[in-house]
Amino acid sequence: MNKVFLALWDHKHGQDMRAFSTHEDAEEQLRQWAIQYVDEWTPLNEEFENQTPEELVSNWSEISCHTEFMTIEALDIN
């Protein structure tokens, strides 16, 4: 069965969503969002300033004081 992978970022302005044919591409989208927006949060959480992109995604909820979430959802294509 074929799948589509949704990169989801829930934040105060709503939800960003992008669809990809591979899980790896969805993971890369989350890393790009985290890299792009971490500077908005790190002044409040200096402990996260030097994390790798993978660590940023894994810790995004904590970085954003539990107000934002980054996830991947796999959906079957019928």
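That block above? That's the structure.
This is a predicted model, so every value here is computed, not measured.

Caption draft 1: Representation of the sheet that holds strand β2 (residues 14-20) within the structure. Judged by pairing direction, the sheet is antiparallel, and its 3 strands sit side by side in the order β2-β1-β3 without closing on themselves. Only two strands of the sheet have a single partner each, and these edge strands are β2 and β3 (69-77). Between one strand and the next, the sheet's axes are offset by a mean angle of 25°, whatever the strand orientation. Sheet analysis places strand β1 (residues 2-11) next to β2, joined by 7 bridges and oriented antiparallel. The partner of Leu-8 across the bridge, within β2, is Met-17. Running over the sheet, helix α1 (residues 23-37) touches β1, β2 and β3 and is turned about 15° from β1.

Caption draft 2: View of α1. A rise of 1.5 Å per residue sets the reference length of α1, with its 15 residues, at 21 Å; its end C-alpha atoms lie 21 Å apart and thus fit the reference within 8%. Among the residues of α1, Ala-26, Gln-29, Leu-30, Arg-31, Trp-33 and Ala-34 are the ones counted as buried. Those residues of α1 hidden inside the fold are in contact with β1, β2, α2 (53-58), α3 (60-63) and β3.

Caption draft 3: Region of the structure containing unusual backbone geometry. A positive phi angle is found at Cys-65, which is not glycine, with a value near 55°. Tracing the sequence through the fold places Cys-65 in the loop between α3 and β3.

Caption draft 4: Molecular detail of the pairing of β1. For β1, the buried fraction is high: 7 of the 10 residues fall into the buried class. Pairing of β1 with β3, which is carried by 9 bridges, proceeds in the antiparallel orientation. Bridging from a neighbouring strand, Lys-3 pairs with Asp-76 of β3.

Rules and cut-offs
- Every chain's residues receive numbers from 1 upward, in the order its sequence appears when written.
- Only residues with pLDDT of 70 or above have their local features reported here, since the model is predicted, and side-chain atom pairs are shown and tallied only from 80 upward, although totals for entire chains, interfaces and linings are computed over all residues.
- Excluded from the side-chain calculations are hydrogens and water; all other atoms, namely the structure's heavy atoms, are used.
- Whether two strands pair depends on DSSP finding at least two bridges between them.
- Numbering of helices and strands starts at the N terminus; helices are DSSP runs of H or I of at least 4 residues and strands are runs of E of at least 2.
- Every angle, taken between N-to-C directions, lies between 0 and 180 degrees, and every axis is a line fitted to C-alpha atoms, over only the stretch in contact when it is a helix.
- By definition, residues are in contact when any of their heavy atoms lie within 4.5 Å.
- By this rule, a helix spans an expected 1.5 Å times one less than how many residues it contains.
- For every residue, the accessible area obtained with a 1.4 Å probe (protein chains only) is divided by the maximum for its type, and the residue is called buried under 20%, exposed over 50%, and partly exposed between those limits.

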